[in-house]
Amino acid sequence: IIQGTPILDIKPYIPYCDKEEEGDVRVPDWILSPPIPPLTVQFSPAAHAQLDTLMPTLRFFHNKDEVLQAIADVLQGDPRSVHLRKKGDLTSSADKKFIFALDAVDVTAAFDESLVTVEEVVPVYSKLKAELQQAKPTQAVQAGAK
């Protein structure tokens, strides 16, 4: 975006979120009848325990029930890309994983048909940091070999 350029932000009217000002309001069919049925979300015992431990680090939620509801709200709508949703028979369990950040945590969920299981709740970016730490010695060895 070039500085000073106006931004046009068009959003659909969503009856349960927006207040009708005046006049006729048309609601898109995909809002009234979403193309993807809501998924069932469950939490593993490990995810519950991890969330209990991480609750003091969260800034935007007052209690565990709010966090559980927020995670479920994200996953019920299947936030994966259309490509991943249509991929069908996924060959590896890694292909079924979906990770997203919420407040100060990363949430890992596994999709299986109409069921989503929250498997892990860890400090945000902790997995990425661990991967980068593991990659450093390998990169140093490769650089020294050149």
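Scope of this entry: the structure provided in the associated data block.

Analysis parameters
- Residues numbered from 1 in each chain as written.
- Predicted model: local features only at pLDDT ≥ 70, side-chain atom pairs only at ≥ 80, totals over all residues.
- Heavy atoms only, no water.
- Pairing = 2+ DSSP bridges.
- Helix = DSSP H or I, 4+ residues; strand = E, 2+ residues; numbered from the N terminus.
- Axes fitted to C-alpha atoms, helices over the stretch in contact; angles between N-to-C directions.
- Contact = heavy atoms within 4.5 Å.
- Parallel < 35°, antiparallel > 145°, perpendicular 65-115°, else oblique.
- Left-handed = near helix turned anticlockwise from the far one by under 90°.
- Nonpolar A, V, L, I, M, F, W, Y, C, P; charged D, E, K, R; others polar.
- Salt bridge = Lys/Arg side-chain N within 4 Å of Asp/Glu carboxyl O.
- Buried < 20%, exposed > 50% of the residue type's maximum accessible area, 1.4 Å probe, protein only.

This paragraph deals with the sheet that holds strand β4 (residues 115-123). The strand order across the open sheet formed by four strands is β1-β4-β3-β2, and the pairing between neighbours is mixed. Every other strand in the sheet has two partners, leaving β1 (40-43) and β2 (97-102) as the edge strands with one partner each. Pairs of neighbouring strands in the sheet enclose a mean axial angle of 30 degrees, with direction left out of account. For β1 and β4, the ladder comprises four bridges, and the chain directions are parallel. Pairing of T40 across the sheet is with L115, part of β4. Running at roughly 35 degrees to β4, helix α2 (residues 45-54) makes contact with β1, β3 (105-112) and β4 of the sheet.

We now examine the packing of α2 against helix α3 (residues 64-76). Here α2 crosses α3 at 130 degrees, and the two axes come no closer than 11 Å. Considering their axes alone, α2 and α3 lie oblique with respect to each other. As for the relative orientation of α2 and α3, their crossing is right-handed in sense. When α2 is examined against α3, the residues H48, L51 and D52 are found in contact with a partner set consisting of K64, V67 and L68. Looking at side-chain class alone, the contact of α2 with α3 contains three nonpolar, one polar and two charged residues.

Further remarks concern the pattern of salt bridges. This structure, assessed with the given rule, holds three salt bridges. When the shortest N-O distance is used, the salt bridge between D78 and R80 registers 2.8 Å. In this pair, the class of D78 matches that of R80, namely buried. Note that E119 is salt-bridged to K97, the shortest N-O span being 2.5 Å. Of this pair, E119 sits in strand β4 while K97 sits in strand β2, placing them 22 residues apart in sequence.

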